Structures are given as structure tokens and as C-alpha cells.
Amino acid sequence: MGTRRDFIKKTSLGSTGLALGGTLMPNVGFSNILGANDTLQVAVIGVRSRAKGLIAGIKNYTKAHIKYNCDVDDTILEAHNAWCEKEIGYVPKTEKDFRKILDDKDIDAVFIATPEHWHAPMAIMALQAGKHVYVEKPCSHNLHENELLVAAQKKYNKIVQMGNQQRSADTSIKAIKEIQEGIIGEVYKGEAYYSNNRGSIGIGKEVPVPTTLDWELWQGPAPRRAYKDNIHPYNWHWFRNWGTGEIHNNGTHEIDICRWALGVDIPETVTSFGGKYTYQDDWEFADNQQVTYTFEGNKTLTWTGHSRGVIMPKQPGRGVTIYGSKGIITLSRNSYEFYDLGGELIKQEFEREKSGTIDTVGGGGLTTNHIANFFDAIRIDTPLNAPISDASISTMLCHLGNLAQDMGETLTLEAKTRKINNEAKIKDKLSREYAKGWEPRL
């Protein structure tokens with residue numbers, strides 16, 4: 001007799017056709033789908049903050065069960081397990097080494113909410129172990145990993161969805177459909193922004209690694225660095241060895257929505273202005289940045305990121321504005337507004353359940369919807385809202401924004417080949433150095 005896992009539908013999105021706006025069309029009829037009544041066994045890897053939003057979404061899906069919580073920090077695991085007991089009514093098994101979870105044949109899918117340098121390598125290892133993958137944004141630490149992850153999804157024939165959860169917002173889905181139908185005429189520009197007032201991360205001091213933390217496994221594929229008191233558990237975002245800066249940490253979401261609304265993929269040019277202005281500390285990226293992307297058809301996308309000093313006149317923490325020849329649409333995680341060319345509000349719609357905007361958990365209705373879409377893709381072949389083949393393009397745009405900022409000049413690209421014409425100048429930045437034995441491979 002076969003195991004429960006034998007009855008779960010394993011599908012590939014590699015051959016799935018794209019409709020307008022990046023919506024996926026199903027490639028298998030419902031009559032061919034097996035295992036629709038089976039409960040999916042999942043693991044959540046990296047459980048400090050974002051995992052709370054993910055687990056709340058998993059809980060709402062009746063045909064999924066969390067078998068493992070995984071983290072390299074015992075203190076975080078202990079606190080998270082107490083949270084699970086209170087919020088979901090049970091405590092999953094705990095594990096510090098994710099590789100042991102991948103060895104468990106009963107695990108159908110993993111949720112990856114680790115530091116960013118782990119996203120693609122861990123996702124690839126999970127695919128090689130036969131697991132479906134929900135990976136938080138950004139899906140890669142560099143452009144090379146981006147390509148590897150997309151290739152791995154095709155090779156290992158599993159479902160991979162990125163955590164750009166606004167793709168599952170009912171109001172955003174409706175707005176994009178109406179944009180495609182011409183509600184604001186010919187779209188020509190998308191403006192994305194993020195506004196926050198993060199404090200200084202200080203100058204880190206080398207201190208002994210906490211006894212509760214497996215620092216070696218935390219670093220994993222990244223070159224080894226001494227442990228400092230301002231890295232773990234959150235400020236790794238602002239160190240190049242592990243993080244990718246604010247354009248990836250938050251810009252990925254709104255850049256993705258703008259790209260979706262404009263109906264564009266690979267840019268023709270990428271230009272970035274900005275720098276680090278606010279504090280003399282260990283932060284290694286621009287803390288205020290303006291990136292402009294141009295596309296075929298005279299379309300433009302901009303991202304304005306104010307990490308340390310809010311945008312004034314004050315705007316909400318994040319959002320998107322789409323401009324067309326007949327009107328304007330603004331989109332957030334929680335609402336959709338349609339204005340005429342004079343700025344008069346024509347209509348406004350809200351999400352049924354609010355979602356977090358600039359907190360580190362980001363939970364709410366969109367995450368619940370996005371996770372349900374991921375599970376439905378595994379169980380009943382529902383088209384993914386953010387398949388890695390498409391989501392990786394938005395991640396690519398963020399990498400290009402950082403590269404243009406580092407170079408101090410405009411990048412130009414060939415859309416068909418995705419080749420960067422300035423590549424010779426940035427060749428050493430397309431991938432990274434890996435710790436020996438941790439290099440991601442197909």
C-alpha cells in the first residue's frame with residue numbers, strides 16, 4: 001500500500017501557460033487530481049516574527065498541519081512554542097537543523113522565513129528532497145541564485161510560491177483586472193514607496209555567541225563572520241553578507257504590484273539615486289533610495305524607499321499609485337481607490353480582513369489567502385498567484401536596483417536575453433562567495 005504522500009498531487013508550473021497580467025491557467029483537469037482530501041504535513045523554518053503571520057494562515061487551512069517548528073536559536077524556539085500553544089492550540093515538534101526535517105518523508109511542504117542568505121539555497125535543498133516550497137521574499141540573495149531557484153523548480157517538478165502576499169489580495173486582483181480592461185486607459189507609470197523611521201543599529205562589538213544559538217548553522221552558505229551584538233535576530237537585513245537592504249526587505253512587494261499593473265517584466269534601464277544619510281553605524285546599504293526602471297512601450301516604474309526618516313508630506317507606510325491616460329489607481333494591502341484625472345475619488349474598496357503593513361509579522365487576510373492558494377495549488381491544482389517563475393522577476397528588479405546604486409550609473413538590459421550590458425563592471429556582484437560545502441547546486 002502506498003503512503004499518504006503518494007496520493008498528493010505533485011505538479012510543475014514549468015509548462016503552465018501565462019495569461020494576461022501574469023495569471024496562471026491550469027494545466028491539469030480536476031478529474032485528474034488525486035489526494036484532495038489528504039492533510040498536508042508542513043514545517044516552518046525560521047520562527048521569530050514573520051512565522052507568526054504564516055502560522056496564523058496555515059491554521060486557517062483545515063487540510064494542513066504543522067509538524068515542525070525549526071529555528072537555530074533555542075530562545076526563539078521556546079518563545080515561539082509557547083505562542084503556538086496559545087494561538088493554534090498545539091506545539092509542533094521542534095528542530096534546530098532543517099536538514100533533519102528534509103529527511104522526513106512525511107513532510108509535504110516547507111515554509112522558509114529565515115534570513116535572506118538562506119532563502120534560495122534552502123529552497124533548492126527542499127526541492128531536491130521532494131518538498132513543495134513557500135519561500136519568503138526576496139527569493140534570492142543574488143541574481144545567480146534567482147536563476148538557480150527557477151531552474152530547480154522546473155527540474156524537481158514541485159510547487160514554489162514566493163511570499164509576495166498582495167498578489168492574493170481581492171482588491172488588488174480586482175484592480176489589475178480592471179486596469180487590463182481599460183478603466184484608467186493606457187497605463188504608463190507605477191510609483192511604489194516605503195516610508196519608515198528605523199533607528200541606528202550602532203557599531204557592533206564582537207561578543208561570545210549565545211549558548212542558545214547555532215551560529216555556524218545560522219551562517220550556513222554565507223562566508224564566516226565573527227558574531228557581533230547588533231546582527232541577530234533582526235539587523236542582519238542591513239549587512240551585505242546576509243541581507244539585501246530595504247529595496248528587497250520591503251520594496252519587493254510594491255515593485256511587484258507595479259510590475260503586475262503595468263504588465264511588464266524585464267526593464268530596459270535601471271537607475272538608482274540615494275545613499276546612506278542618517279546615522280554613522282554598521283548599516284551597509286542605502287537608507288534612502290530612489291530607483292527608476294524604464295520598460296518597452298514608454299512605461300516607467302519608480303520605487304522610493306525612506307528607511308530612516310519618513311516621507312513628507314507624510315504618506316502611509318507603503319503603497320502603490322498607477323497612472324493611466326484616463327485615471328489613477330492607488331493600491332495598498334488593505335484597499336483600492338480609483339480617481340479621475342483631476343484627483344476626484346470615484347470609488348474605494350477595502351479588503352475584508354486587514355493585513356499588517358510595516359510591522360515585522362505582516363500577518364492578516366492577505367497571508368491567509370496566499371497560503372491557501374499555495375496549498376490549493378498542491379492539493380487541487382489551483383493556479384498559483386505568485387509562482388517563482390514570475391515572482392523571481394520582481395526579485396530581479398530589486399537586485400538590479402541595488403546594483404545600479406552600487407555602480408553609480410544606469411544599467412541597460414536586453415529584454416529577451418536578460419543580459420545586463422554593463423555586466424563586465426558588475427560581474428563579481430552577480431553571485432557571491434559561499435562557505436565551503438554550502439554552494440547551491442542543481
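What you see is a predicted model, and the numbers here were worked out from it, not measured in a lab. (Residues numbered from 1 in each chain as written. Predicted model: local features only at pLDDT ≥ 70, side-chain atom pairs only at ≥ 80, totals over all residues. Heavy atoms only, no water.)

Peer 1: Kindly report on the nonpolar core, identifying the contributing residues and their values.
Peer 2: Formed by 45 residues in total, the largest nonpolar core has its most connected members in Val110, Val133, Trp218 and Trp242. It is helix 4 (residues 119-128) that contributes the most residues to this core, 5 residues altogether. Grouped together as the second largest cluster of nonpolar side chains are 42 residues, Ile247, Leu331, Phe338 and Met407 included. (Core = buried A, V, L, I, M, F, W, Y, C linked by side-chain atoms within 4.5 Å. Buried < 20%, exposed > 50% of the residue type's maximum accessible area, 1.4 Å probe, protein only. Helix = DSSP H or I, 4+ residues; strand = E, 2+ residues; numbered from the N terminus.)

Peer 1: So what's going on with the packing of helix 4 against helix 5 (residues 143-156)? Which residues, and what values?
Peer 2: The geometry of helix 4 relative to helix 5 is characterised by a closest axis approach of 10 Å and an angle of 10° between their N-to-C directions. Viewed along their axes, helix 4 and helix 5 adopt a mutual orientation that is roughly parallel. Note on packing geometry: the crossing formed by helix 4 with helix 5 is left-handed. Residues Ala120, Pro121, Ala123, Ile124, Leu127 and Gln128 of helix 4 touch helix 5, and the partners they reach there are Glu145, Leu148, Leu149, Ala152, Gln153 and Tyr156. Of the residues that constitute the contact of helix 4 with helix 5, the class distribution is 9 nonpolar, 2 polar and 1 charged. (Axes fitted to C-alpha atoms, helices over the stretch in contact; angles between N-to-C directions. Parallel < 35°, antiparallel > 145°, perpendicular 65-115°, else oblique. Left-handed = near helix turned anticlockwise from the far one by under 90°. Contact = heavy atoms within 4.5 Å. Nonpolar A, V, L, I, M, F, W, Y, C, P; charged D, E, K, R; others polar.)

Peer 1: Describe the side chain of Thr330, naming the residues involved and giving the relevant values.
Peer 2: Tracing the chain through its elements places Thr330 in strand 12 (residues 328-331). Exposure remark for Thr330: the relative accessible area of 17% places this residue in the buried category. Side chain to side chain, Thr330 and Glu337 meet in a polar contact 2.5 Å long. What Thr330 contacts, discounting residues up to four positions off in sequence, is Val320, Thr321, Ser335, Tyr336, Glu337 and Tyr339. (Polar contact = N/O pair within 3.5 Å; in protein donor to acceptor, adjacent residues only side chain to side chain.)

Peer 1: So what's going on with the packing of aromatic side chains? Residues and values would help.
Peer 2: Under the definition given, this model contains 16 aromatic pairs. Note on Phe111 and Phe374: the rings are 5.5 Å apart at their centroids and 80° apart in plane angle, and the pair reads as edge-to-face. Of this pair, Phe111 sits in strand 4 (residues 109-112) while Phe374 sits in helix 10 (residues 365-380), and the two are 263 residues apart along the sequence. Residues Phe111 and Phe374 agree in their burial class; the two are buried. On the basis of an interplanar angle of 70° and a centroid distance of 6.4 Å, the ring pair of Tyr234 and Trp238 is categorised as edge-to-face. Aromatic ring contacts, followed pair by pair, group Tyr61, Phe111, Tyr134, Phe374 and Phe375 into a single cluster. Across the ring face of Trp83, the terminal group of Lys52 is positioned such that the distance to the ring centre comes to 5.6 Å. One residue, Lys189, lies across the ring of Tyr323, its end atom 4.7 Å from the ring centre. (Phe/Tyr/Trp six-rings, centres within 6.5 Å; stacked < 30°, edge-to-face > 60°. Lys NZ or Arg CZ within 6 Å of the ring centre and 35° of its normal.)

Peer 1: An account of the environment of Ile183 is needed here, citing residue identities and associated values.
Peer 2: Residue placement: Ile183 occurs in the loop between helix 6 (170-180) and strand 7 (187-195). Sequence spacing of Ile183 and Ile328 is 145 residues, and the spatial spacing of their C-alpha atoms is 9.1 Å. Residue contacts for Ile183: discarding those within four places in its chain leaves Glu178, Ile329, Tyr336, Phe338 and Lys347.

Peer 1: Give me the pairing of strand 13 (residues 335-339): which residues, what numbers.
Peer 2: As a general feature of sheets, a regular strand has side chains that alternate between the two faces. Counting buried residues along strand 13, 4 of its 5 residues qualify, which places the element largely inside the surrounding structure. The sheet contact formed by strand 12 and strand 13 spans 4 bridges and is antiparallel. Each residue of the ladder has a partner; that of Leu331, found in strand 13, is Tyr336. Once strand 12 ends, the chain turns through 3 residues before running back antiparallel as strand 13. A loop of 5 residues connects strand 13 with strand 14 (residues 345-350), the two strands running antiparallel in sequence, and Gly343 in this loop sits at a positive phi of about 90°. (Pairing = 2+ DSSP bridges.)

Peer 1: Residues and numbers for helix 2 (residues 74-87), please.
Peer 2: Think of an α-helix as 3.6 residues a turn; residues three or four steps apart then line up on the same face. For helix 2, built from 14 residues, the straight-helix expectation of 20 Å at 1.5 Å per residue is met to within 8% by its first-to-last C-alpha distance of 20 Å. Listed as buried for helix 2 are Ile76, Leu77, His80, Asn81 and Cys84. Considered in projection along helix 2, the buried side chains sweep an arc of 130° and stay on one side of the axis. More than 90 degrees from the buried face of helix 2, the exposed residues found are Glu78, Glu85 and Lys86. Structurally, helix 2 contributes buried residues whose contacts are with helix 1 (50-59), strand 2 (64-70) and strand 3 (93-95). (Expected span 1.5 Å × (residues − 1). Arc of directions from axis to C-beta.)

Peer 1: Tell me about helix 11 (residues 388-407), and please be specific about residues and values.
Peer 2: Its 20 residues give helix 11 an end-to-end C-alpha distance of 28 Å, which sits within 8% of 28 Å, the value for a rise of 1.5 Å per residue. Counting buried positions along helix 11 yields 18 of 20 residues, so the element is predominantly enclosed. Looking one or two residues past helix 11, Gly408 carries a phi angle of roughly 75°, positive in sign.

Peer 1: Quick rundown of the environment of Trp215? Include the residues and the values.
Peer 2: Mapped onto the elements, Trp215 comes out in helix 7 (residues 215-219). Separated by 143 residues in sequence, Trp215 and Val72 place their C-alpha atoms 7.7 Å apart. Excluding residues within four positions of it along the chain, Trp215 makes contact with Val209, Arg225, Ala226, Tyr227, Ile231 and Trp242.

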